Amino acid sequence: MELTTTKKILKEAQEGHYAIGAFNVENMEMVMAVISAAEEMNAPVIMQTTPSTVKYAGLDYFLANVRVAASKANVPVVMHLDHGSSFELASQAYRSGYTSIMIDGSHSDFESNIEISKSVVDMCKPSGIAVEAELGKVGGKEDDLDGGDGDAYTDPLQAKEFVERTGVDSLAVAIGTAHGMYKGEPHLDLDRLSEIRKVVSVPLVLHGGSGIPDEKVQESIRRGICKVNYATELRIAFTNGVNKYLAEKPDTIDPKKYNKAGMEEVKAFVKEKIRVCGCENKA
C-alpha cells in the first residue's frame, strides 16, 4: 500500500472517538516490528522520526525503510516528521516524500509560532500533506528535545486562534505530559483538554505517551485526543529484548538473532498500545 497522510485517518479517528498510535522508529528492525503489529491488529499506524533520528541516518534512509514496509502492508501507513525544529527541516522532509510533517514552534512566542506554522502549512497544502503544530510546552527531555519545565499549558482560546490563523491539520496540546519517562505518575489536566476540544475543530495530539497509565490515555481519547505519540518505551522494549537475548547467549555474534528478540518486544508493545488507542480493526 502507498504511504498515506494523517488527514484522512485522523479525521476518521475523530469521528469514531478513537486514536491512532504514532511510534518513533529508530532503525529497520523497529520499522518492521511496528508494521507487523499494525497488520496483525488491522490498524492504521503512524511512523515517526525526530530531528536527532534524522541526523543519525538521514530523511531518505528512514523514509526508504518505511516506504518498503508500507508497500507490503495492507493497512494505512503514514511517514511523519516529529518535532520538526525548523522550516528548513520541514521543507527537506516535504521534498523527500514524508506524508505528514510537524513543525514545532512552541518554544517561540505565540506570534512567531503562528508565523512558522503557517509557513509550513502554506508549503504543504498544495500537495495535500498534513501539518501538525504544537501550542504550549510539553515538558521533559527526549533526544535533543527539551520541553523545559512543562508549566506552559495550552490555553483553549489561544488554541482556537492558533488553528484558525495557521490552518494546521492537527494540534499537539500541553496538558501535563512530558517527553521521556515519568519519575512519578503524571497529572493530566483533562478538564483543560475538554475545554480545548470545545473550541478547536481539528484533531488533537497527545505527546509524551510513554509511561502514561493506559486508563488516562483512554480518558484523554474520550475527551478528544486522536493521535498518541510513543517513543521512549519503544527504545526500552527493543533494548530489553536485545539485552535479554545476549544475557542468555552471550557468545552470539549474528545481529539478526538479537535484533529479532528486540523486534519481538517492540511488536508486543505496539500491539498493546493499539488496543489502548482503540484503533484495532480500523484500517
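Residues numbered from 1 in each chain as written. Predicted model: local features only at pLDDT ≥ 70, side-chain atom pairs only at ≥ 80, totals over all residues. Heavy atoms only, no water.

The protein is annotated in an unreviewed UniProt entry as Tagatose-bisphosphate aldolase of Clostridium paraputrificum.

Caption draft 1: Layout of the sheet that holds strand 5 (residues 130-135). The strand order 1-2-3-4-5-8-10-11 describes a closed barrel built from eight strands, whose pairing is parallel. Taken pair by pair, the neighbouring strands of this sheet meet at an average axis angle of 25°, ignoring direction. Relative to strand 3 (residues 77-84), strand 2 (residues 45-49) runs parallel, the two sharing five bridges. Each residue of the ladder has a partner; that of Met47, found in strand 3, is Met79. On top of the sheet, helix 4 (residues 59-71) reaches strand 2 and strand 3; it is set at about 155° to strand 3, its chief contact. Where helix 11 (residues 255-277) meets the sheet, it contacts strand 1 (20-24) and strand 11 (225-230), and its direction lies at approximately 150° from that of strand 1. (Pairing = 2+ DSSP bridges. Helix = DSSP H or I, 4+ residues; strand = E, 2+ residues; numbered from the N terminus. Axes fitted to C-alpha atoms, helices over the stretch in contact; angles between N-to-C directions. Contact = heavy atoms within 4.5 Å.)

Caption draft 2: Representation of the nonpolar core within the structure. By size, the foremost hydrophobic cluster in this structure holds 85 residues, and its most contacted members are Met47 and Tyr98. For this core, the leading source of residues is helix 2 (residues 28-41), giving eight residues. Not counting chain neighbours up to four residues away, the residues in contact with Tyr98 comprise Thr49, Val54, Leu59, Phe62, Leu63, Met79, His80, Leu81, Ala93 and Ile129. (Core = buried A, V, L, I, M, F, W, Y, C linked by side-chain atoms within 4.5 Å. Buried < 20%, exposed > 50% of the residue type's maximum accessible area, 1.4 Å probe, protein only.)

Caption draft 3: Just the UniProt feature "binding site: Zn(2+) 1" (unreviewed entry) in the protein, in detail. Cross-referencing UniProt, the feature "binding site: Zn(2+) 1" (unreviewed entry) maps to His83, His179 and His207 in the present numbering. As for its placement among the helices and strands, His83 is situated in strand 3. Look at His83 and you get buried, because its relative accessible area is 3%. (UniProt positions renumbered as here; feature names shortened; annotations may be inferred.)

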